Amino acid sequence: MVKIFFADGNKIGSIFIRTVTWSDFSHVGFIHDGMVIDSQLFRGGVTSYDVAELVHHYPRIRVYEFPHVSAEAITYACEQLGKKYDLAALIGMGFQRNWQEDDKWFCSELVAASCAAAGTPIINKSTWRVTPQDVWECIAPGCVPSYQSQ
């Protein structure tokens, strides 16, 4: 079972991302075995770190279990460790670009591509960008909330 978290905070970066992506959340990623797998600008891209750091950094977090997504999504995300952050995704939100290029990742691109690589695409629309809101809107009725702060 795959766990995907949605987070946001009150810092300028979170506010900026929510504004330019029209999202309720500024960040999304995976939680697996007490570790976070995500892509962040200030971490330099795709990394893995202890979930306690996520909880410390973001005051609002929601975690959902996605039972219909196989563990292969985590395997794919782990294969992306070390890849750079896709700053162009943030800057270029107004421009059409291929979000599925796998040389660098914005957080929501990483989650969507990992799920697709596992055989369960969660983005079921034709789009040139994927935002945290797009991933949020893909929560299926079978997804179970497993954690929520604030």
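Counting from 1, residues in each chain are numbered in the order their sequence is written. Under the rules for a predicted model, residues below a pLDDT of 70 receive no local features and side-chain atom pairs below 80 are neither given nor counted, while totals for whole chains, interfaces and linings still include all residues. Based on all heavy atoms of the structure, the side-chain values leave hydrogens and waters out of the count.

A. The arrangement of the nonpolar core in detail. Only buried residues count toward a nonpolar core. Its members are Ala, Val, Leu, Ile, Met, Phe, Trp, Tyr and Cys residues joined through side-chain atoms within 4.5 Å. Burial here depends on accessible area, computed with a 1.4 Å probe over protein chains only, as a share of the maximum for the residue type. Under 20% is buried, over 50% is exposed, and the range in between is partly exposed. In this structure, I4, F6, F30, V111, C115, I122 and V135 are the most contacted members of the largest nonpolar core, which totals 28 residues. When residues in this core are grouped by element, the largest group, four residues, is from helix α5 (residues 107–117). Counting nine residues, the second largest nonpolar core, distinct from the first, contains A7, I31, Y49 and L54. A run of DSSP states H or I qualifies as a helix once it reaches four residues; a run of E qualifies as a strand once it reaches two. Both are numbered from the N-terminal end.

B. Looking closely at the pattern of salt bridges. Each reported salt bridge corresponds to a side-chain nitrogen of Lys or Arg within 4 Å of a carboxyl oxygen of Asp or Glu. In total, this model carries three salt bridges according to the counting rule given. Taking the shortest distance from any N to any O, the salt bridge between D8 and R60 comes out at 3.0 Å. Here the residue D8 occupies a position in strand β1 (residues 2–8), and R60 occupies one in strand β5 (residues 60–66), the gap between them amounting to 52 residues. Put simply, R43 and E53 hold a salt bridge, and the shortest N to O gap is 2.5 Å. Pair noted here: R43 is in the loop between β3 (35–40) and β4 (45–50) and E53 is in helix α2 (residues 51–57), with a separation of ten residues, a long-range link. Take R43: its relative accessible area is 33%, and that puts it in the partly exposed class. On the basis of relative accessibility, which here comes to 39%, the residue E53 falls in the partly exposed class. Overlapping salt bridges bring together D8, R18 and R60 as one network.

C. Looking closely at the pairing of β3. Buried residues dominate β3, accounting for five of its six residues. Summarising the sheet, strand β2 (residues 27–32) and β3 pair through three bridges and their orientation is antiparallel. Opposite I31, over in β3, you have V36 as the bridge partner. For two strands to be treated as a pair, DSSP must find no fewer than two bridges joining them. The antiparallel pairing of β2 with β3 creates a hairpin that spans two residues between the two strands, and D33 there sits at a positive phi of about 50°. Count of turn residues in the β3/β4 antiparallel hairpin: four residues, of which G44 carries a positive phi of about 90°.

D. Highlighting helix α3 (residues 72–79). Residues of α3 that are buried include every one of A73, I74, Y76 and A77, and no others. One side of α3 holds all its buried residues, which, seen down the axis, span an arc of 160°. The exposed residues of α3 that point more than 90 degrees off its buried face are E72 and E79. Contact between two residues is taken to exist if any of their heavy atoms lie within 4.5 Å; hydrogens are not considered. In the core, the buried residues of α3 are packed alongside β1, β2, β3, β4, β7 (104–105) and α5. The reported arc concerns the directions from the helix axis to the C-beta atoms and nothing else.

E. Region of the structure containing the packing of α3 against α5. The angle between two axes is taken between their N-to-C directions and runs from 0 to 180 degrees, where each axis is a line fitted to C-alpha atoms and a helix contributes only its stretch in contact. Following both chains from N to C, one finds α3 and α5 inclined at 125°, their axes separated by 7 Å at the closest point. When the axes of α3 and α5 are compared, the pair comes out oblique. In this structure, α3 meets α5 at a crossing whose hand is right-handed. Residues E72, A73, Y76 and A77 of α3 form the contact with α5, whose own contacting residues are L110, A113, S114, C115 and A117. Of the residues in the contact of α3 with α5, the class split is seven nonpolar, one polar and one charged. Should an angle lie under 35 degrees it is considered roughly parallel, over 145 roughly antiparallel, and from 65 to 115 roughly perpendicular; all remaining angles are considered oblique. If you view the pair so one helix is near and one far, a crossing is left-handed when the near helix is turned anticlockwise from the far one by less than a right angle, and right-handed when it is turned clockwise. Basically, the charged four are Asp, Glu, Lys and Arg, the nonpolar ten are Ala, Val, Leu, Ile, Met, Phe, Trp, Tyr, Cys and Pro, and anything else, Gly included, counts as polar.

F. A look at unusual backbone geometry. Backbone geometry places W22, a non-glycine residue, at a positive phi of 55°. Of note, W22 is situated in the loop between α1 (12–21) and β2. A relative accessible area of 71% places W22 in the exposed class. One non-glycine residue, D33, adopts positive backbone phi at about 50°.

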